[in-house]
Amino acid sequence: MNSVNYKKYWNEERETLNPEVRNKLILKRIKDQLEYVYNNLPFYRKHYDNHNFKPSDVKTLEDFTTKVPVITKKMLVEDQKNNPIFGSYAGQFKPEEIARIQGSSGTSGTPTFYQVSKDDWERAAEMHAMALWSTGLRPTDTIQFGFAFSMFFGGWGILQGAEKLGATIFPLGATESDKHLDLIERLQPSTFVGTISYCMHLLDKARSRGIDLSQSSVKRIIAAGETGATLPNTRKIVTKGWGASLFDTGSTSEMYPFMTNTSCEAQEGVHLYQDEVFTEIVNSEDPHSSMPMGEKGAVVYTHLWRKSQPMIRFWSGDESYMTDEPCSCGRTYPRLPQGVLGRIDDMLIIRGVNIYPSAIENAVRSLDWSGAEYQIILDKKGSLDEMTINIEYQNQYKNDNLQSFEGEAAKLFKNKFGVRVGVNLVEQGIIPETVFKARRVVDNRSKKS
């Protein structure tokens, strides 16, 4: 970064607007969107008619939360199956009006396809630039990308915003980890972008090569594509190991522009750009009941501007809590103080105890000897569920008392979760390396013996 002085905000008027004024604008956009989807998209008309809902029923933000039925990923997949390829919620666009066709990986089932109109794509660039500016990114920065550029949205939004902002882009993408390390040394980027799992993986790879990433040129890491960047112990490892600030960003592929959840330089949580994507925290058992500020619940999203495949009250499956207390950065958007805490849908129930995989990760990361990779293995023994955690240890500890490490981990998990957890230590390289999004849970309970 040179001595050029830059403004503090990308759009000061918008980012520091009085929340009451902003809420009036949000309500107007919600009303416009409800009229649009009901009158133009068969998916929504059928869904709302089935719930005896009409757009005119919404006169306040409270009406919106209490009266508008949610939609789910399962519903979207089913609708695309019955109305290929983009579903009956896609809208009528001419080919020349579409900027992008992206999609989910489909690793857990049928891929979901997304189309983004040129108007929506251009607006998203502005949104993403504003979010990246809040992390301190400036035109003088060079960004090295660790994302695979494929039909998965992943790094595309960050790339788009960085270009709009004017930063220098080095889109190396998903390639050999050794090449990333070599080119960090040669090109001296100020910023690295990737999943938090891949950032952990690169730390291990660097350690094995005798490279101290804390002495590299990278002073900013922007993590996206998966949860975990806000977990305290994961943050501690990455910020110390890289000698860099860590910023969390992103929501879900359905909610592009997904950088409407982004942490700022103040590092006081994740800002919610409510005038772009309206975010609610609702009761996980009742999507029509909002949770008070500070209390945990399910995250529900709504596009306020997007016309190509807009999501209106999309049930993300994530859990978090919100605060509207002022951030020291001066932005007046509410925040998720700890980002996304985990996925409600991914909660593990072991002998009657509810355990989030994110809580297991945070515990594993507190073990000084643990490496980047671990796996959660679930089995059924008789009528009881059993959980075993395979944890790789760093090579530098291979001559230490590994049995004592296992005992330490088992005691930690027992104290944290209240159930006995099996622990296996494995050397680095046994568990497949994470080069994109981590898949930590192996559930064998439904398999036939």
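Residues numbered from 1 in each chain as written. Predicted model: local features only at pLDDT ≥ 70, side-chain atom pairs only at ≥ 80, totals over all residues. Heavy atoms only, no water.

**Q** Whenever I open this one, the sheet that holds strand S15 (residues 342-343) confuses me. Can you help?
**A** The strands making up a sheet associate through backbone hydrogen bonding, with each pair oriented either parallel or antiparallel. Across the sheet, which stays open at both edges, the five strands sit in the order S11-S10-S12-S13-S15 with antiparallel pairing between neighbours. Sheet topology places strand S11 (286-290) and S15 at the edges, where each strand pairs with a single neighbour. Two strands pair when backbone bridges link them, and strand S12 (residues 297-303) and strand S13 (residues 314-320) are joined in this way by four bridges, in the antiparallel orientation. Pairing of alanine 298 across the sheet is with glutamate 319, part of S13. (Pairing = 2+ DSSP bridges. Helix = DSSP H or I, 4+ residues; strand = E, 2+ residues; numbered from the N terminus.)

**Q** I keep staring at unusual backbone geometry and nothing clicks. Help me out?
**A** Among all residues save glycine, negative phi is the norm, and among peptide bonds the norm is trans. Cis geometry marks the peptide bond from proline 84 to isoleucine 85; its omega dihedral reads 5°. By secondary structure assignment, the location of isoleucine 85 is in the loop between helix H5 (73-82) and strand S1 (98-103). Of note in this structure, arginine 313 is not a glycine but carries a positive phi near 55°. Tracing the sequence through the fold places arginine 313 in the loop between S12 and S13.

**Q** What's the story with the packing of aromatic side chains in this structure? I'm lost.
**A** What characterises a pair of aromatic rings is the spacing of the ring centres plus the angle enclosed by the ring planes. One pass over the structure, following the stated rule, counts 16 aromatic pairs. Aromatic side chains phenylalanine 145 and phenylalanine 149 sit 5.7 Å apart centroid to centroid with 50° between the ring planes, which places their arrangement in the tilted category. The exposure class assigned to phenylalanine 145 is buried, which follows from its relative accessible area of 0%. For phenylalanine 149, a relative accessible area of 26% puts it in the partly exposed group. Through a chain of ring-to-ring contacts, the aromatic side chains of Phe43, Tyr44, Tyr48, Phe53 and Tyr89 assemble into a single cluster. Over the face of the ring belonging to tryptophan 305 we find arginine 29, whose NZ or CZ atom lies 3.8 Å from the ring centre. Over the ring of tyrosine 36 we find lysine 307, and its NZ or CZ is 5.1 Å from the ring centre. (Phe/Tyr/Trp six-rings, centres within 6.5 Å; stacked < 30°, edge-to-face > 60°. Buried < 20%, exposed > 50% of the residue type's maximum accessible area, 1.4 Å probe, protein only. Lys NZ or Arg CZ within 6 Å of the ring centre and 35° of its normal.)

**Q** What am I meant to see in the environment of glycine 155 here?
**A** Examined against the element boundaries, glycine 155 turns out to sit in the loop between strand S3 (142-145) and helix H7 (156-165). Relative accessible area serves as the criterion here: at 0%, glycine 155 is assigned to the buried category. Sequence-wise, glycine 155 and proline 171 are 16 residues apart; in three dimensions their C-alpha atoms are separated by 9.5 Å. When neighbours within four sequence positions are excluded, glycine 155 is seen to be in contact with Phe145, Phe147 and Phe149. (Contact = heavy atoms within 4.5 Å.)

**Q** Just to check I follow, could you spell out the environment of lysine 411 for this structure?
**A** Take lysine 411: it is sitting in helix H12 (residues 402-417). Given the relative accessible area of 59%, lysine 411 is considered exposed. For the pair lysine 411 and lysine 94, spaced 317 residues apart in sequence, the C-alpha separation works out to 60 Å.

**Q** How do you make sense of the sheet that holds strand S8 (residues 261-263) when you look at a structure like this?
**A** Pairing is antiparallel across the open sheet formed by three strands, whose spatial order is S8-S9-S14. Both edges of this open sheet fall to S8 and strand S14 (335-336), since each of them pairs with a single strand only. In terms of strand pairing, S8 meets strand S9 (residues 270-272) through three bridges, oriented antiparallel. When the bridges of S9 are listed, threonine 262 appears paired with histidine 271.

**Q** How should I be thinking about the pairing of strand S5 (residues 191-194) in this particular structure?
**A** Sheet faces and side chains relate simply in a regular strand, where the side chains alternate between the two faces. What you see with S5 is no split at all: Thr191 and Val193 on one side and Phe192 and Gly194 on the other are buried throughout. Sheet topology places S3 next to S5; three bridges connect them, and they run parallel. Residue pairing in the sheet places isoleucine 143 in a bridge with threonine 191 of S5. Bridge analysis of S5 against strand S6 (residues 220-223) gives four bridges, and the strand direction is parallel. Of the residues in S6, the one forming a bridge with threonine 191 is arginine 220. Handedness of the crossover joining S5 and S6 through helix H9 (residues 196-208): right-handed. (Right-handed = clockwise from strand over helix to strand, strands pointing away.)

**Q** Mind showing me how you'd approach H5 here?
**A** Residues three or four positions apart in an α-helix share a direction because the helix packs 3.6 residues into each turn. All buried positions along H5 are accounted for by Leu76, Asp79 and Gln80. Along the axis of H5, the buried positions cluster into a sector of 100°, meaning they face one direction only. Turned more than 90 degrees off the buried face of H5, the exposed positions are Lys74, Lys81 and Asn82. Summarising the contacts, the buried residues of H5 are in contact with helix H3 (42-50), strand S2 (113-117) and S13. (Arc of directions from axis to C-beta.)

**Q** Explain helix H8 (residues 177-187) here, please?
**A** By the burial criterion, the buried members of H8 are Ser177, His180, Leu181, Leu183 and Ile184. The positive-phi residue at the C-terminal boundary of H8 is glutamine 188, with phi of around 55°.

**Q** Could you clarify how one ought to interpret the packing of H9 against helix H10 (residues 232-242) in this entry?
**A** Relative orientation and spacing of two packed helices are given, respectively, by the angle between their axes and the distance between those axes. Remark: H9 packs on H10, axes separated minimally by 10 Å, with the N-to-C direction vectors making an angle of 50°. Put simply, H9 runs oblique to H10. Of the two elements, H9 crosses H10, and the hand of that crossing is left-handed. Facing H9, whose interface residues are Ile196, Cys199, Met200, Leu202 and Leu203, H10 presents Thr234, Ile237, Val238, Gly241 and Trp242. When the residues that make up the contact of H9 with H10 are grouped by side-chain class, the tally is eight nonpolar, two polar and no charged. (Axes fitted to C-alpha atoms, helices over the stretch in contact; angles between N-to-C directions. Parallel < 35°, antiparallel > 145°, perpendicular 65-115°, else oblique. Left-handed = near helix turned anticlockwise from the far one by under 90°. Nonpolar A, V, L, I, M, F, W, Y, C, P; charged D, E, K, R; others polar.)

**Q** Help me understand the side chain of aspartate 63 in this model?
**A** Of note, aspartate 63 is situated in helix H4 (residues 61-67). For aspartate 63, the contacting residues outside a window of four places in its chain are Asp57, Val58 and Val68.

**Q** Is there a simple way to think about the side chain of serine 134 in this case?
**A** Along the chain, the position of serine 134 falls in helix H6 (residues 118-134). On the basis of relative accessibility, which here comes to 1%, the residue serine 134 falls in the buried class. Contacts of serine 134, omitting those with residues within four sequence positions, involve Thr262, Ser263, Cys264, Glu265, Tyr273 and Arg331.

Everything listed here is a matter of geometry and, on its own, says nothing about what the molecule does.
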